[in-house]
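Structural characterization, general
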Amino acid sequence: MVERPRISGALDAGNEATLTLVAGPPGYGKTTAVREWCSRQEAALAWVTFDAGDNDPARLWTYVATAVDRVRQGLGRLALQRLGFVGAPIEAPIDELMNAIASYGQRLVIVLDDLQSVTDRACLASLDYAVGHLPENTRLIVITRTDPAIGLGSLRASGSLAELRTDELAFTAAEGRQLLVERAGFDLSAEEIETLCQRTEGWPAALTLASAWLNRVDDPQAAVVEFGGDHRFVADYLSHVTLETLGDDDRQFLMQASVLERFTAELCDAVLGRTDSGGMLAALERANFFVARLESGGWFRIHSLFAEFATARLRALDPAAPAEIHGRAARWLADRGRPIEAVEHAAKAGDEGALARILGEHHFVLMTKGGDALLQVVRTLPDEPLLEQADAITSAAVVATCLGGHTLEQRRLLRLADRARTESPDTFSPWADAVARLVVALSVDAEPARAAAAGRRAVEIAEENADLALVAALAAYARALYFDGRLDEAWSAALRAIEHPDIERRASGHAHARSTLALVAADRGHLGAARKHAEKAREILGGVGLSRSWLGANAAAALGVVLIDEGSHPEAERELAYAEGVFRDEVATLHHAWLLVLLAYVRCRRGRLDEAETTARLAREELDELAHDGRVAKLAAEVEREIEQARRRASDGEVLDPPTPAELAVLRLLASELSVPEIGEQLFLSPNTVRSHTRSIYRKLGVNSRTEAVARADVLALLERPESPM
Amino acid sequence: MIVEGELSDELSPTFAGMTLTREGGTTTLVGRVRDQAELQGLLQRVSDLGLTLLTATAKDAHDRR
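Residues numbered from 1 in each chain as written. Chains lettered and ligands numbered in written order. Predicted model: local features only at pLDDT ≥ 70, side-chain atom pairs only at ≥ 80, totals over all residues.

1. Details of the overall build of chain A
Check the secondary structure of chain A and you find 40 helices and 8 strands. In chain A, which comprises 726 residues, the proportion classed as buried is 51%. Contacts spanning at least 24 positions in sequence make up 66% of the contacts within chain A whose residues lie at least 6 apart. (Helix = DSSP H or I, 4+ residues; strand = E, 2+ residues; numbered from the N terminus. Buried ≥ 20, exposed ≤ 12 C-beta atoms within 10 Å, placed from the backbone. Contact = placed C-beta atoms within 7 Å.)

2. Observations concerning the sheet that holds strand 3 (residues 108-113) of chain A
Residue and element names in this part refer to chain A. On the basis of which strands lie adjacent, the open sheet formed by 5 strands has the order 2-3-4-1-5 and parallel pairing. Each edge of the open sheet carries a strand with a single partner, namely strand 2 (44-49) and strand 5 (161-164). Sheet twist, expressed as the mean angle between neighbouring strand axes with direction ignored, is 15°. Pairing of strand 1 (residues 19-23) with strand 4 (residues 138-144) involves 5 bridges; the strand directions are parallel. For Thr20, the partnering residue across the bridge sits in strand 4 and is Ile141. Most of the contacts of helix 3 (residues 57-71) go to strand 2, to which it runs at about 155°, and overall it touches strand 2 and strand 3. (Pairing = 2+ DSSP bridges. Axes fitted to C-alpha atoms, helices over the stretch in contact; angles between N-to-C directions.)

3. Section: the interface of chain A and chain B
In this assembly, 20 residues from chain A lie in contact with 15 residues from chain B. No other element matches helix 17 (residues 304-317) of chain A, which puts 6 residues into the side of chain A that touches chain B. Here the residues of the side of chain A that touches chain B sort into 10 nonpolar, 4 polar and 6 charged. (Nonpolar A, V, L, I, M, F, W, Y, C, P; charged D, E, K, R; others polar.)

4. So, the sheet that holds strand 8 (residues 300-302) of chain A
Residues and elements named next belong to chain A. If you trace the 3 strands from one edge of the open sheet to the other, you get 6-8-7, paired in antiparallel fashion. The open sheet terminates on both sides in strands that have one partner only, identified here as strand 6 (262-263) and strand 7 (291-293). In this sheet, strand 8 lies alongside strand 6 in antiparallel orientation, the contact comprising 2 bridges. Its bridge partner lying in strand 8, Phe263 is registered against Phe300.

5. Observations regarding the nonpolar core
All names here are of chain A. Counting residues in hydrophobic clusters, the biggest one holds 259 residues, and the most contacted among them are Ala473 and Tyr477. Among the elements that make up this core, the one with the highest residue count is helix 28 (residues 470-483) (13 residues). Filtering out sequence-adjacent residues up to four positions away, Ala473 remains in contact with Ala434, Leu438, Gly455, Ala458, Val459 and Ala462. (Core = buried A, V, L, I, M, F, W, Y, C linked by C-beta atoms within 7 Å.)

6. Considerations on the pairing of strand 3 of chain A
Side chains on a regular strand alternate between the two faces of the sheet. All names here are of chain A. Buried residues dominate strand 3, accounting for 6 of its 6 residues. In terms of strand pairing, strand 2 meets strand 3 through 6 bridges, oriented parallel. When the sheet's bridge partners are listed, Ala44 is paired in strand 3 with Leu108. Of the strand pairs in this sheet, strand 3 and strand 4 are connected by 5 bridges, and their pairing is parallel. Bridge pairing links Leu108 to Thr138 in strand 4.

7. Some details on helix 13 (residues 234-244) of chain A
Judged by how many residues are buried, helix 13 of chain A sits mostly within the fold: 8 of 11 residues are covered. Taken together, the buried residues of helix 13 of chain A touch helix 10 (190-200), helix 11 (204-214), helix 12 (220-229) and helix 17 of chain A.

8. Here's the deal with the confidence of the model for chain B
Residues and elements named next belong to chain B. With 91% of its residues at a pLDDT of at least 70, chain B reaches an overall mean of 84. Least confident of the elements in chain B is helix 1 (residues 36-48), whose mean pLDDT is 86; most confident is strand 3 (residues 26-30), at 93. Across the whole predicted complex the pTM is 0.70, and at the interface the ipTM reaches 0.82. (pLDDT = per-residue confidence, 0-100.)

9. What about helix 31 (residues 527-543) of chain A?
All names here are of chain A. Here helix 31 is 17 residues long and its end C-alpha atoms lie 24 Å apart, about the 24 Å a rise of 1.5 Å per residue gives. Every buried residue belonging to helix 31 is among Ala530, His533, Ala534, Ala537, Arg538, Ile540 and Leu541, and all of these are buried. Buried residues in helix 31, looked at end-on, bunch into an arc of 160°, giving them a common side. Elements in contact with the buried residues of helix 31: helix 30 (507-523) and helix 32 (550-566). (Expected span 1.5 Å × (residues − 1). Arc of directions from axis to C-beta.)

10. As for unusual backbone geometry
As a rule of thumb, non-glycine residues mostly have phi less than zero, and peptide bonds are mostly trans rather than cis. Residues and elements named next belong to chain A. Even without being glycine, Asp114 reaches a positive phi, approximately 60°. In this fold, Asp114 is placed in the loop between strand 3 and helix 6 (121-132). In this structure, Ala627 takes a positive phi of about 55° despite not being glycine. Within the secondary structure, Ala627 sits in the loop between helix 35 (609-626) and helix 36 (631-651).

11. Structural notes on the packing of helix 3 of chain A against helix 5 (residues 91-104) of chain A
Residues and elements named next belong to chain A. Running from N to C, helix 3 and helix 5 cross one another at 15°; their axes reach a closest spacing of 11 Å. On the basis of the axis angle, helix 3 is roughly parallel to helix 5. In this structure, the crossing between helix 3 and helix 5 has a hand that is left-handed. Residues Trp61, Ala65 and Val68 of helix 3 form the contact with helix 5, whose own contacting residues are Pro93, Ile94, Leu97 and Ile101. (Parallel < 35°, antiparallel > 145°, perpendicular 65-115°, else oblique. Left-handed = near helix turned anticlockwise from the far one by under 90°.)

12. Some words on the environment of B:Val33
Residues and elements named next belong to chain B. With respect to the secondary-structure elements, Val33 resides in the loop between strand 3 and helix 1. Spatially, the C-alpha atom of Val33 lies 9.4 Å from that of Ala58, the residues being 25 residues apart in sequence. Not counting residues up to four positions away in its chain, the partners in contact with Val33 are Glu38, Leu39 and Leu42.

13. Let's talk about the pairing of strand 3 of chain B
Residues and elements named next belong to chain B. Of the two faces of strand 3, the one lined by Thr27 and Leu29 is fully buried and the one lined by Thr26, Thr28 and Val30 carries no buried residue. Bridge analysis of strand 1 (residues 2-4) against strand 3 gives 3 bridges, and the strand direction is antiparallel. In the strand pairing of strand 3, Glu4 is matched with Thr26. Two elements, strand 2 (residues 19-23) and strand 3, share 5 bridges in a ladder whose sense is antiparallel. Note that in strand 3 the partner of Glu23 across the bridge is Thr26. The hairpin formed by strand 2 and strand 3 contains 2 residues between the paired strands, and Gly24 there has a positive phi angle of roughly 50°.

This is how it looks when you write it as structure tokens:
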């Protein structure tokens, strides 16, 4: 190990910053420098190394939380509980994690290595969010080849960013001398060292390669001279000559293992058809020959730059070899229950059939624990191999539904499932059948009767052959029945869902059924029961980090309906507005139209008639697009009438005695959610003065309530005039 | 596209579809790039190999889709 006080000093300087960025091309000793520095700190360390498969916020934060949990068991527990469910919002677990770290109290360094692999916008946004919420006791170090898009500019401007970049990371001649002469013991002159450093431009990986190579040649001085006079790309040249110095078997092993990137001895044995990989790896690691052990038990990687050239060489010798190795690795990992890694290798093997098969075999784990990974891989595949894997198609449709805002994709997947049903009936399982139908019921679409029929069939199939889908099927069926106006049947289907013996482990279906129970109870005027069910739905989803998801939006909508019936219009509007945002999509959906109708109603009741009208018009457009004339359309017609009446009432008669400026100031705040004392505080008035202004406003406008006053002010445009100066 | 250092033939398959010409310590890679995605992939390869990119020029601009 070369001592690099220069580099440690630069990292020390970062103690004052929020974020330290260590950026440079591969092989600049970034990881080594940070690891070495960390080992001398009196701080706990959470280290995460990413790869291209980690482009999913849920997985990214699962790794981070797991690493933090290793610092002290339990630190990452709450965050981990909230992760790993489809559609879960990422801020909640990040908040949990940051709170846990803050409560830990001691210094913690979090290192995110190879962050260039993370390119997904949502991932980077989640990191940006985390950087903004880091507790005082935490330092974040990012190691990357490319500057990540996480608002570095503003961090730099505020002095919260420390940077260690290529120029600083490159070896100076003195450091090169330390590496090659003092450590490796070569008898090289200052001039020869200079040649090496110049030729490699201080690139540490190239100098390390040079050292490994010089160690194996008879005449190092002559080799340096030859190297100095060569024009080949340094890493190319050095990898080549270094591999040349190895025996055939070692060379073959290194080239093949390089393809795998990350591996265990067992994986190498299985994939490369050997039995001695453990010994080989240990020997190469001891010889410091580009093999490094990873944090997590038994996994290794080959130095990435060397691996690139070794793989290139293997490909030049045998063009088909890399794909074959990836294909065998995919099978081996899939058989050992590691579908996420298996999928990555299958993708690199370019074997779409194998990829589809892995998705089919492991669809349930990928759906429930893989975030949107399943959907993303399904997107990359052509129809043909997928048609044989209906389980994967339908599970991906569930993911698309639960993410919200993916209606078009969900419909594409359902059409594909239909094709699979007719074209590959032998592989079309009861699970796929039940799930395809339950997704139809879930989204309801324009014809609730058809959705209910699909839901009913989904329930029958699940009862016979796919119990894991039963609660979700019953919940979807109940919701379709509710939209079809069959309240009694909706009630009993939802009740059957929550009476399932395994209900505690079926959070999604459970919450969905509870939301429907709340809606039915509210329709029947049983407000107490309705509230209980809506709150329970929310509690269940909160427990699994799904509060802000499509299902969470459903729970919010149910609670919104209950709040309307309780007369709490401001609170109802908040819940409904949230749900409306989640349901918004590229195409009209019944759920979204329904939310717009409810929002129009609540806005009308709050006296904001113009807004109510606009919202109702949007709802009407979506209902027309859907050609829906059922329950939601009837509700829309009622709300439109209500808005019209409110407008007529509000514009009735003239205002002879306009409110004074002081009264107008009060009137403006009556349109808000503030209470009378709060209005007083805002305007520096006593509550009694506010009440007397209010009475005077009511008299002048000829109204009897706060809502009517706001509506009338809206219609008469009383509040649009600029406030007169005091 | 011109990168620093002369690349060996072993790396040719890595830049499939590109013609490599070596001269005076640099390598010139010439080839048709269909779209931005392919271009980004190519730049990614350059970065993975630790190559220093000296210049990148678009030719036949009117041919681009």
